[in-house]
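Listed here are the chains, written in short residue letters.
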Amino acid sequence: MTESTYTVDTNQTIVGGLSDLATTLVDVTRGYKEMEDRAEPDLLPTIKSLKDRHERDAAEVLSLLEKTGGRPEDTGSVMGAVHEAVATARDWFGGLDGSAIDAIVDGEEQVLEQYKDALAQTHGTPEIHDVMVRQKNELSQEVDALRAKEEPDALMLVEQCQ
């Protein structure tokens, strides 16, 4: 695929969608890298799995961005620094254990929203759109599995309060 495949307006929309998603994925990966060093053993497999997924997906999105004529900025944004600070603060005030699953699910839902935006902006480009659909579906399955992990804990807590 070359830059001239699409009209300028369409290409700018595609580049914008891919760029925003790439920035989000790089930011989230940075946050997980910070968490990985601080996570307790019960949370570490979740953190590592999500970090690896976002690294892989970010690399693929950055490659697509280059192919559409965009300039990948793989350094993330200010929000990446915020994610790192949150991970550090959570560690200081209670540790990164299984109780962090709620916050992780909330964060991943924000990533899924970013995928929805990227999908809307890439709908006219099947080769890019298909990659976005696949990545979103895979992440959605992982988030659903995390929700299933946290629901038994929530039910147990409700039962203890009764």
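No experiment lies behind these values; they were computed from the predicted model shown. Within each chain, residues carry numbers counting from 1 in the order of the written sequence. Given that the model is predicted, a residue must reach a pLDDT of at least 70 before its local features are reported, and side-chain atom pairs must reach 80 or more before they are shown or counted; all residues, however, enter totals for whole chains, interfaces and linings. Only hydrogens and water are removed before side-chain values are computed, so all heavy atoms of the structure are retained for them.

Draft legend 1. Just the overall build of the chain, in detail. Helices and strands together make up the secondary structure of the chain, namely five helices and zero strands. The helix count covers DSSP runs of H or I at least four residues long, the strand count covers runs of E at least two residues long, and both are numbered beginning at the N terminus. Moving toward the C terminus, one meets the helices and strands of the chain in the order α-α-α-α-α. Looking at the chain as a whole, 38% of its 162 residues qualify as buried. Sequence-distant contacts, at least 24 apart, represent 79% of the contacts inside the chain between residues at least 6 apart. Only the protein chains shown count as covering a residue, and every accessible area follows the Shrake-Rupley method with a 1.4 Å probe. When the accessible area of the chain is evaluated, it comes to approximately 8900 Å², of which 53% is carbon and sulfur surface. Per-residue accessibility, obtained with a 1.4 Å probe over protein chains only, is compared with the maximum for each type, and a residue is labelled buried under 20%, exposed over 50%, and partly exposed between these values. We call two residues in contact whenever any of their non-hydrogen atoms come within 4.5 Å of each other.

Draft legend 2. Here's a closer look at the confidence of the model for the chain. On a range of 0 to 100, pLDDT expresses the predictor's confidence in each residue. In the predicted model, the chain carries a mean pLDDT of 78, and the fraction of residues at 70 or more is 70%. Looking across the chain, the model is least confident in helix α3 (residues 78–92), with a mean pLDDT of 49, and most confident in helix α2 (residues 44–67), with 93. Across residues 154–160 the pLDDT falls below 50, and counting only partners more than four positions away or on other chains, this stretch makes zero contacts in the model.

Draft legend 3. Looking closely at the pattern of salt bridges. What counts as a salt bridge is simple: a side-chain nitrogen of Lys or Arg found within 4 Å of a carboxyl oxygen of Asp or Glu. By the definition in use, this model includes twelve salt bridges. Here D52 and K48 are joined by a salt bridge, their closest N and O atoms 3.2 Å apart. Of this pair, D52 and K48 are both found in helix α2, four residues apart, which corresponds to roughly one turn of the helix. Of the residues examined, D52 reaches a relative accessible area of 24% and is grouped as partly exposed. K48 gets classed as partly exposed once you look at its relative accessible area, which sits at 39%. Ionic pairing is found between E55 and K51, a salt bridge with its closest N-O pair at 3.8 Å. Linking E55 with K51, this pair stays in helix α2, spanning four residues, or about one helical turn.

Draft legend 4. A look at helix α4 (residues 101–121). In a helix, the anticipated span is given by 1.5 Å times the number of residues less one. Over its 21 residues, α4 extends 30 Å from the first C-alpha to the last, a length consistent with the 30 Å expected when each residue adds 1.5 Å. Listing the buried residues of α4 in full gives I101, I104, V105, E108, V111, L112, Q114, Y115, A118 and L119. Looking down the long axis of α4, one finds its buried residues gathered within 170° of arc, a one-sided arrangement. Along the arc lie the directions from the helix axis toward the C-beta atoms.

Draft legend 5. Highlighting α2. Between its first and last C-alpha, α2 extends 35 Å over 24 residues, near the 34 Å set by a 1.5 Å rise per residue. What α2 keeps buried is the set T46, I47, L50, K51, R53, H54, D57, A58, V61, L62, L64 and L65. G69 lies just past α2 and shows a positive phi near 95°.

Draft legend 6. Quick peek at the nonpolar core. To form a nonpolar core, buried Ala, Val, Leu, Ile, Met, Phe, Trp, Tyr and Cys residues must be joined to one another through side-chain atoms within 4.5 Å. Ranked by internal contacts, the top residues of the largest apolar core, which has 34 residues, are L18, I104 and M132. Listing elements by their share of this core, those giving two or more residues are α1 (8–36), α2, α4 and α5 (126–161). The biggest single contributor to this core is α1, with ten residues. Setting aside residues up to four positions removed in sequence, I104 forms contacts with Y32, M35, L43, I47, L50 and L146.

Draft legend 7. Geometry of the packing of α2 against α4. Close contact between α2 and α4 brings their axes to 12 Å; oriented N to C, the two are set at 15°. Looking at the two axes, α2 sits roughly parallel to α4. Judged by the sense of rotation from one axis to the other, the crossing of α2 with α4 is left-handed. In this structure, α2 contributes T46, I47, L50, H54 and D57 to the contact, and α4 contributes I101, I104, E108, V111 and Y115. Here the contact of α2 with α4 is built from residues that sort into six nonpolar, two polar and two charged. Helix axes are fitted only over the stretch in contact, all axes being lines through C-alpha atoms; the angle between N-to-C directions runs from 0 to 180 degrees. An angle below 35 degrees is read as roughly parallel, one above 145 as roughly antiparallel, one from 65 to 115 as roughly perpendicular, and any other as oblique. Helix crossings are classified by the rotation of the near helix relative to the far one: an anticlockwise turn of less than a right angle makes the crossing left-handed, while a clockwise turn makes it right-handed. Three classes are used: nonpolar for Ala, Val, Leu, Ile, Met, Phe, Trp, Tyr, Cys and Pro, charged for Asp, Glu, Lys and Arg, and polar for all others, with Gly counted as polar.

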